[in-house]
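Topology and contacts: notes
Spelled out from the first residue to the last, the chains are:
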Amino acid sequence: MNAESEIARDTEGHTAKPRAEVAVVVIGYDDAAHVTDAVRSALAQGPAVREVVAVDDCSRDGSAGLLERLSTAEPRLKVIRRRANSGGCGTPRNTGLDAVTSPYVMFLDSDDVLPPGAVDALLAAAEGAHAEVTGGLCVRRELPSGREVPWQPRLYALHAVVPRPAQRTRLVHDTLCVNKLYRTAFLRAHGIRFPEGRFPYEDVVFTARVLAAAPRIALIPDRVYVWHVRRSDTRLSISLDRSGVENWRARTEACRQAYEVLLGAGQKELARAARAKFLDHDLRMYVRELGLRDAAYRRAWWELTRTHLAEYDADDWARNPAAPGRLIGRVVLASPEPCDLPRLRELAARPARLYPPYARAADGTPVWSDGIPQVSLEPLQARPVRALPLAVDAELRPGARGTRLRLRLHELYGRVAQAGPETVDVEWRHRDDGDVVVRAASLPLAPCEGAPGADEAAGSAGPGGSADPAGHGDSAGRGNSAGPAGRGDSAGRGNSAGPAGHGGSAGFDGTWSAETAVDLLPLAAPGVGIWDLRLRIRFRDGASRDVTAHALTGAGLLRRRAVPSARHGVVLVQPYTTHSGALALRVAPGVRGVLSVVRTRLRRLLH
């Protein structure tokens, strides 16, 4: 029996009533609107909770008074009022941890809640597996919509036990401290505490310290924590307030410290995995948002990132070299100034999209661009088609006579033609309820003829503007040719609009297209909402690749239109591009939908 399945029999089937073994440490600062809900959710866990330690970090809004009044009716609640604000989450958590008298402890933030049964599930698993740390599923709940997104669902898909963290390196991806139950004696024996003071992302370092101590870990699929995401709040949480470059500085420092902690404890594989996680998660998330920032932010961000990535060694880059995060990191290191930001944004998307141009070095090796030939894309040649960063353009045109969706799939160094794309499945997924999906018929993909070459099209409609006469791309430095000869890929298609750049048969331009009507009726049925476009490309050998599509932004596109509807009278339809450049669709049916859009616009204008 392998290590990860060992606990399958240990963490299931426990019916004994849990003893009062758990302390819940709740921390808060100026959060009178939510803190009592958090505390009540902990007390409502039942008799397994021996104590709730609420630490108020010197609030000024009456939070402490609310907690004191609640404690008069609940003997399990202990309130600690700090005399000075610490500036972070680490110090109040340490204060609460010092006051705990229970064998087990978990942490709860004042603006979140524990779902019913969370403590019982965690405690049963911990005792059944004799685990020092037990983790469960956390869900991010977007408010006010109520949309829920599971955090690291792959890690918590099944009951499992991991005798040593190095046996499951993906543990480094879950840097949260709040969805876990810790044996108190384990934390104290190893001196594991949170960074003190104003230290954003303190849980990243805390989690590294926990993993460095090599605990026995139990994992359960139960929902044990609800992380509330309030993007409209005037005071955003640390994880949401990414508008200033200091937030990125804090994140890179926390990740650097986490790596040092793991490496210093001899956990080399975990340390490597932590660096890989930074590239795949942290770096890609911030790159998707760079287009929202000003030039000063982008320059400072680029410099900080280059400094951080300069500490990576050859082995860090050699592992999974075609992974999107590694390609992005190598481009950042290769250029002293910010460049190719729109194209990097596409590559940072999930799933990743590698947008043209598809340049080659003098020897024919695929490279990032003519300007950055030292970043080789050769590893893409060995990547399975189901994992390729395929680029698809999408153009949506609503109209009184019908709404049309046009798709164009780009070649990628001959890999697409080699795999033989045959059809594309189209679906629209509701943003606030991912279970609501509207599927269209499977569409045939037809080779395009007589159209501009793939890179010429990218220059006119791709992410970042138009090509200049010299073929140097936009101001971000992207080239639109593969050199004087316009060298083609292995399927005979060129990468330029030059004389030799239109290889292949019958004028094939290196792209495939599909077109379909979009039925607005099922999209309007749930009322006002946002729909994300999802595609599945199917290939000759039965393989498939799930992708999103780059939203074209040419003249007349991405405009709100009022479409007549027999059922609703009118449906407001607006295609738009997400932060990652993907196509999405806002739909507002009927008079109520129109009024909802008007009210939203007025609120934005007034605030």
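This paragraph deals with the overall build of the protein. Looking only at helices and strands, one finds 16 helices and 24 strands in the protein. Taken across its 607 residues, the protein has 54% of its residues classed as buried. For the protein, restricting intrachain contacts to residue pairs at least 6 apart in sequence, the fraction spanning at least 24 positions comes to 71%. Roughly 25,800 Å² of accessible area belongs to the protein as shown, and the carbon and sulfur atoms make up 51% of that amount.

V24, W301, L405, W428 and L533 are the most contacted members of the largest nonpolar core, which totals 163 residues. Sort the elements by how many residues they give to this core and helix 8 (residues 268-289) lands first, with 10 residues. When near neighbours in sequence (up to four residues on either side) are disregarded, L533 contacts A394, L405, L407, V426, E427, W428, T548, A549 and L583.

Turning our eyes to something else, we now look at the environment of V229. As for its position among the elements, V229 is in strand 9 (residues 217-229). On the basis of relative accessible area, V229 is assigned to the buried category, the value being 1%. Considered as a pair, V229 and R141 are 88 residues apart in the sequence and their alpha carbons are 5.8 Å apart.

What follows covers the side chain of E74. On the secondary structure map, E74 appears in the loop between helix 2 (63-73) and strand 3 (77-81). Its relative accessible area of 17% is what places E74 among the buried residues. Among the polar contacts made by the side chain of E74, one reaches the main-chain amide nitrogen of R76 at a distance of 3.0 Å.

On to the packing of helix 8 against helix 12 (residues 341-348), then. Contact geometry of helix 8 with helix 12 gives a least axis separation of 8 Å together with a crossing angle of 135 degrees. Relative to helix 12, the element helix 8 is oriented oblique. Here helix 8 and helix 12 pass one another in a crossing that is left-handed. Along the contact surface, helix 8 presents R284, V287 and R288, while helix 12 presents L344, R345, L347 and A348. Grouping the amino acids of the contact of helix 8 with helix 12 by side-chain chemistry returns 4 nonpolar, no polar and 3 charged.

In this section: the environment of V149. Residue position: V149 is located in strand 6 (residues 148-151). For V149, a relative accessible area of 29% corresponds to the partly exposed category. Considering only alpha carbons, one finds V149 and D432, 283 residues apart in sequence, at a separation of 9.5 Å. Sequence-distant contacts of V149, that is, excluding residues within four places in its chain, are made with C138, V139 and R140.

Moving on, we get to the pairing of strand 1 (residues 22-28). Within strand 1, 7 of the 7 residues are buried, leaving the element largely enclosed by the surrounding structure. Because side chains alternate across strand 1, one face comprises the buried residues V22, V24, V26 and G28, and the other comprises A23, V25 and I27, equally buried. Inspection of the sheet shows strand 1 paired to strand 4 (residues 104-109) by 6 bridges, in the parallel sense. By the bridge assignment, V26 is partnered in strand 4 with L108. Direction of pairing for strand 1 relative to strand 2 (residues 49-56): parallel, over a ladder of 7 bridges. Its bridge partner being in strand 2, G28 is matched across the sheet by D56. At this point the chain moves from strand 1, through helix 1 (residues 35-43), to the parallel strand 2, and the crossover so formed is right-handed.

Each aromatic ring pair is described using two quantities: the centre-to-centre distance and the angle formed by the ring planes. Scanning the model with the defined rule gives 12 aromatic pairs in all. A network of ring pairs unites the aromatic residues W248, F278, Y286, W301 and W302 as a single cluster. Its guanidinium or amino end placed over the ring of Y259, R275 lies 3.6 Å from that ring's centre, counting from NZ or CZ. The residue whose ring lies beneath R586 is Y576, and the NZ or CZ to ring-centre distance is 3.9 Å.

Here helix 6 (residues 202-212) lies mainly inside the structure; 10 of its 11 residues are buried. Buried within helix 6 are the following residues: E202, D203, V204, V205, F206, T207, A208, V210, L211 and A212.

A few words on the packing of helix 11 (residues 324-334) against helix 12. It is at 9 Å that the axes of helix 11 and helix 12 come closest, and there the two elements cross at 160 degrees. Judged by the angle between their axes, helix 11 and helix 12 are roughly antiparallel. Along this stretch, helix 11 crosses helix 12, giving a crossing that reads as left-handed. Of the residues in helix 12, those touching helix 11 at P324, L327, I328 and V331 are L344, L347 and A348. In terms of residue class, the contact of helix 11 with helix 12 is made up of 7 nonpolar, no polar and no charged.

Taken as a whole, this structure holds 0 disulfides when the rule is applied. In this structure C89 is a free cysteine whose sulfur lies 8.4 Å from that of C177, the closest cysteine sulfur available.

Further remarks concern the pairing of strand 5 (residues 133-142). Burial analysis of strand 5 places 9 of its 10 residues in the buried class, which makes it a mostly covered element. Two elements, strand 5 and strand 8 (residues 180-183), share 3 bridges in a ladder whose sense is antiparallel. Looking at the pairing, G135 lines up with K180 of strand 8. Bridge analysis of strand 5 against strand 9 gives 9 bridges, and the strand direction is parallel. Its bridge partner lying in strand 9, C138 is registered against Y225. Bridging between strand 5 and strand 6 involves 4 bridges; their strand directions are antiparallel. In the strand pairing of strand 6, R140 is matched with V149. Following strand 5, the chain reverses through 5 residues before pairing antiparallel with strand 6; G146 in that reversal takes a positive phi of roughly 85 degrees.

Per-residue confidence for the protein gives a mean pLDDT of 86, with 83% of residues at or over 70. Low pLDDT (under 50) marks residues 451-462, which in the prediction has 31 contacts with non-local residues, meaning those over four places away or in another chain. Per-residue pLDDT stays below 50 along residues 464-506; that stretch engages in 96 contacts with residues further than four places along the chain or on separate chains.

Relative to the helices and strands, A394 is located in strand 12 (residues 392-397). The class for A394 is buried, based on a relative accessible area of 1%. A C-alpha to C-alpha distance of 9.1 Å links A394 and T548, two positions 154 residues apart in sequence. If we skip the residues at most four places from it in the chain, A394 touches L405, R406, L407, L533, A549, H550, A551, L552 and L583.

Rules used throughout
- Residues numbered from 1 in each chain as written.
- Predicted model: local features only at pLDDT ≥ 70, side-chain atom pairs only at ≥ 80, totals over all residues.
- Heavy atoms only, no water.
- Helix = DSSP H or I, 4+ residues; strand = E, 2+ residues; numbered from the N terminus.
- Buried < 20%, exposed > 50% of the residue type's maximum accessible area, 1.4 Å probe, protein only.
- Contact = heavy atoms within 4.5 Å.
- Areas by Shrake-Rupley, 256 points an atom, 1.4 Å probe, with all protein chains shown as cover.
- Core = buried A, V, L, I, M, F, W, Y, C linked by side-chain atoms within 4.5 Å.
- Polar contact = N/O pair within 3.5 Å; in protein donor to acceptor, adjacent residues only side chain to side chain.
- Axes fitted to C-alpha atoms, helices over the stretch in contact; angles between N-to-C directions.
- Parallel < 35°, antiparallel > 145°, perpendicular 65-115°, else oblique.
- Left-handed = near helix turned anticlockwise from the far one by under 90°.
- Nonpolar A, V, L, I, M, F, W, Y, C, P; charged D, E, K, R; others polar.
- Pairing = 2+ DSSP bridges.
- Right-handed = clockwise from strand over helix to strand, strands pointing away.
- Phe/Tyr/Trp six-rings, centres within 6.5 Å; stacked < 30°, edge-to-face > 60°.
- Lys NZ or Arg CZ within 6 Å of the ring centre and 35° of its normal.
- Disulfide = S-S within 2.5 Å.
- pLDDT = per-residue confidence, 0-100.

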